[in-house]
Protein chains: 2
Amino acid sequence: MREERRGELLATAAEVFAARGYNATTVRQIADAAGILAGSLYYHFDSKESMVDEILSAFLDELGAGYDAVLAAGLGPRETVEALVTESFREIDRHRAAVAIYQKEARHLAARHPRFGYLTDARRRFARAWLGTLERGVAGGAFRADLDIRLTYRFVRDTVWVAASWYRPGAQHSPEEIARQYLSVVLDGIALRD
Amino acid sequence: MREERRGELLATAAEVFAARGYNATTVRQIADAAGILAGSLYYHFDSKESMVDEILSAFLDELGAGYDAVLAAGLGPRETVEALVTESFREIDRHRAAVAIYQKEARHLAARHPRFGYLTDARRRFARAWLGTLERGVAGGAFRADLDIRLTYRFVRDTVWVAASWYRPGAQHSPEEIARQYLSVVLDGIALRD
DNA sequence: TAACCTACCAAACACTTGTTAGGGAAGGAG
DNA sequence: CTCCTTCCCTAACAAGTGTTTGGTAGGTTA
């Protein structure tokens, strides 16, 4: 099965990219990890660039669908935040390597080649989802009104995605448990209430 | 003055490293940004590696001194957290490029060459400072007792340092203002209290 | 003036990079 | 058996990499 082999190679490529960085990774390292020679990769893929492209767009498609499902559920602002965070940590659990690559390389890739313009589009799309939810929460009295919405969004976004750099699937905390702890901090703070 | 020129070159190298990533940056790009030729850099520095080394160790030395000063002040846990966060954002303001490089490359560099072992040491040292403060706060009743300390530490750490990737000095928010907003979220949460 | 130091250039070096071309082994389909 | 597809290998390519070597213009010191 042709597609199956491609998928395997993409998975190992993603691991190497995530571990060493896209530019620092050579096609020979990917081939080594897959147990084949460098040139053989070009039977399956056009270029090294095509590999990251497939890895990232597959991840972003799935994340986009997840976010859309959450937004379409018609929840209140607080519940929407909870659902978005939980969905995000689930995506990290399933696409850890892709998230790490996106986190580190998205900016460079999007800036260099127009081919990766969809990375910027996705970022803007997710920003709208988050900012809209936060604004709705402030307007409706669910969230504090004295917060800088954009700063808060950046804090929330960064903390969620950076988790991909230390998260190891199947170790100690489940995605749902991490989401619960994280939401506890963001929603209620670490200070003890009187 | 010999040292002065070195400092200039290190500053431009840091900017290029931060913008394009260490591995993706060529010595010719650094030389271009400095207005000289690639080979001329080797009059001032042994290697490309030495440049990141100097950039990162200079930053970490200063950050370490700042953290030590905070810890030596004998503040309570909550005030220590506030001081650590404020100090961190001030360091981002002063060493934006170095922080970005540290954030992206520290793991790879430390894993590859023993020369960069001090990066791991610094990470452990900062972790102890944060974890100790959080534990002290929980024990003393300043912070909630139902939090996973290690998870909380990771959230706090990541959010602070990732700010280096979007922070631009002199634009809109001062380091102190960002620290204030951030502390407001972390300490008290974004949810409105009844 | 002569010797010297600083900061750079010009040109090349050995090596690594992504990529290509041609070929061949294995296995299923006719 | 023959044909065809899948998957990989061998071997090379041109371009780009970090680095070295020898030289030189200009200022400072003796």
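Described below are features of the structure shown in this document. (Residues numbered from 1 in each chain as written. Chains lettered and ligands numbered in written order. Predicted model: local features only at pLDDT ≥ 70, side-chain atom pairs only at ≥ 80, totals over all residues. Heavy atoms only, no water.)

## Remarks on the protein's contact with DNA strand C
Lining the immediate environment of DNA strand C, one finds 18 residues, of which Thr26, Arg28, Tyr42 and Lys48 of chain A together with Leu37 of chain B sit closest. A share of 62% of the atoms of DNA strand C within 4 Å of the protein falls on sugar and phosphate groups. Arg5 of chain B places a polar side-chain atom, nitrogen or oxygen, 2.9 Å from a phosphate oxygen of DNA strand C. One of the side-chain nitrogen or oxygen atoms of Ser40 of chain B is found 2.9 Å away from a phosphate oxygen of DNA strand C. Broken down by secondary-structure element, the contributors of at least two residues to the surface near DNA strand C are helix H2 (27–34) of chain A together with helix H1 (2–20) and helix H3 (41–44) of chain B. (Near = heavy atom within 4 Å. Polar contact = N/O pair within 3.5 Å; in protein donor to acceptor, adjacent residues only side chain to side chain. Helix = DSSP H or I, 4+ residues; strand = E, 2+ residues; numbered from the N terminus.)

## Description of the nonpolar core
Of all hydrophobic cores here, the largest spans 67 residues; its most connected members are Phe17 and Phe89 of chain B. With nine residues, helix H4 (residues 48–72) of chain B is the largest single contributor of residues to this core. When neighbours within four sequence positions are excluded, Phe17 of chain B is seen to be in contact with Tyr22, Thr25, Ile30, Lys48, Met51, Val52, Ile55 and Ile101 of chain B. Formed by 66 residues, the second largest nonpolar core is a distinct cluster that contains Val52, Val85, Ile178 and Leu187 of chain A. (Core = buried A, V, L, I, M, F, W, Y, C linked by side-chain atoms within 4.5 Å. Buried < 20%, exposed > 50% of the residue type's maximum accessible area, 1.4 Å probe, protein only. Contact = heavy atoms within 4.5 Å.)

## Some remarks on the protein's contact with DNA strand D
Near DNA strand D lie 16 residues; those nearest to it are Leu37 and Ser40 of chain A together with Thr26, Arg28 and Tyr42 of chain B. Measuring from a phosphate oxygen of DNA strand D, one finds a backbone N or O atom of Leu37 of chain A at 2.7 Å. His44 of chain A is positioned with one of its side-chain polar atoms (N or O) 2.9 Å from a phosphate oxygen of DNA strand D. Elements represented by at least two residues in the surface near DNA strand D include exactly helix H1 (2–20) and helix H3 (41–44) of chain A together with helix H2 (27–34) of chain B. Grouping the amino acids of the surface near DNA strand D by side-chain chemistry returns six nonpolar, six polar and four charged. (Nonpolar A, V, L, I, M, F, W, Y, C, P; charged D, E, K, R; others polar.)

## Considerations on the layout of surface pockets
Roughly 310 Å³ of internal volume is contained in the second largest pocket. Lining of the second largest pocket is provided by 15 residues; of these, Ala18, Ala19, Lys104 and Arg168 of chain A together with Arg107 of chain B occupy positions nearest its centre. Elements supplying a minimum of two residues to the lining of the second largest pocket: H1 and helix H6 (96–112) of chain A together with helix H6 (96–112) of chain B. The residue makeup of the lining of the second largest pocket, split by class, is six nonpolar, two polar and seven charged. (1 Å grid on protein atoms, 1.4 Å probe; cavity = no way out; pocket = protein on both sides within 12 Å on 5 of 7 lines; lining within 4 Å. Points joined across faces, edges and corners; volume = space filled by probe spheres on them.)

## Some thoughts on the relation of the copies chain B and chain A
Of the transformation placing chain B onto chain A, the axial shift is 0.0 Å and the rotation is 180 degrees, giving an RMSD of 0.1 Å. Such a turn and shift between the copies fits a two-fold axis. Across chain B, the rotation axis passes nearest the C-alpha of Gly189 of chain B, at a separation of 1.9 Å. Both copies contact each other with a shared surface, as 100% of the interface residues of chain B are interface residues in chain A too. (Least-squares fit on C-alpha atoms with pLDDT ≥ 70 in both.)

## Description of the packing of helix H9 (residues 175–188) of chain A against helix H8 (residues 149–162) of chain B
Where H9 of chain A meets H8 of chain B, the closest approach of the two axes is 10 Å, and the angle between their N-to-C directions is 65 degrees. In this structure, H9 of chain A meets H8 of chain B at a crossing whose hand is right-handed. Along its contact with H9 of chain A, which presents Ile178, Gln181, Tyr182 and Val185 of chain A, the element H8 of chain B presents Leu151, Thr152 and Phe155 of chain B. Within the contact of H9 of chain A with H8 of chain B, the residues separate by chemical class into five nonpolar, two polar and no charged. (Axes fitted to C-alpha atoms, helices over the stretch in contact; angles between N-to-C directions. Left-handed = near helix turned anticlockwise from the far one by under 90°.)

## Quick word on the packing of aromatic side chains
For the coordinates displayed, the defined rule picks out 15 aromatic pairs over all chains. Where Phe116 of chain A meets Tyr118 of chain A, the ring centres are 6.3 Å apart and the plane angle is 40 degrees; that geometry is what we call tilted. Its relative accessible area of 0% is what places Phe116 of chain A among the buried residues. Taken together, the ring pairs in this structure connect Phe89, Trp166 and Tyr182 of chain A together with Phe155 of chain B into an aromatic cluster. Of note, Arg154 of chain A hangs over the ring of Trp166 of chain B, and the distance from its end group to the ring centre comes to 4.5 Å. (Phe/Tyr/Trp six-rings, centres within 6.5 Å; stacked < 30°, edge-to-face > 60°. Lys NZ or Arg CZ within 6 Å of the ring centre and 35° of its normal.)

## Quick look at the interface of chain B and chain A
Listed as interface residues are 43 residues of chain B and, on the opposing side, 43 residues of chain A. The largest per-residue losses of area from chain B upon contact with chain A belong to Phe155, Trp166 and Ile190 of chain B, which jointly make up 18% of the total buried on that side. The interface formed by chain B and chain A holds zero salt bridges in total. Where chain B touches chain A, the interface holds 14 residue pairs in polar contact (both at pLDDT 80 or more). If you list the elements that add at least two residues to the side of chain B that touches chain A, you get H1, helix H5 (77–94), H6, H8 and helix H9 (175–188) of chain B. Taken together, the residues that form the side of chain B that touches chain A break down as 19 nonpolar, 11 polar and 13 charged. (Buried area = accessible area lost by both parts, 1.4 Å probe. Salt bridge = Lys/Arg side-chain N within 4 Å of Asp/Glu carboxyl O.)

## Brief notes about the environment of Ser165 of chain A
Residues and elements named next belong to chain A. Along the chain, the position of Ser165 falls in the loop between helix H8 (149–162) and H9. The exposure class of Ser165 is partly exposed, given its relative accessible area of 28%. Note: C-alpha distance between Ser165 and Tyr102 (63 residues apart in sequence) is 11 Å. From its side chain, Ser165 meets the backbone oxygen of Val162 in a polar contact 2.7 Å long.

## Thoughts on empty space enclosed by the protein
Applying the stated criterion to the full structure yields four cavities of 30 Å³ or more. As a volume, the largest cavity reaches approximately 140 Å³. If you trace the largest cavity, you find 16 residues lining it, with Gly21 and Glu105 of chain A together with Gly21, Tyr22 and Glu105 of chain B closest to the centre. Among the secondary structure elements, those contributing two or more residues to the lining of the largest cavity are H6 of chain A together with H6 of chain B. By residue class, the composition of the lining of the largest cavity is four nonpolar, six polar and six charged.

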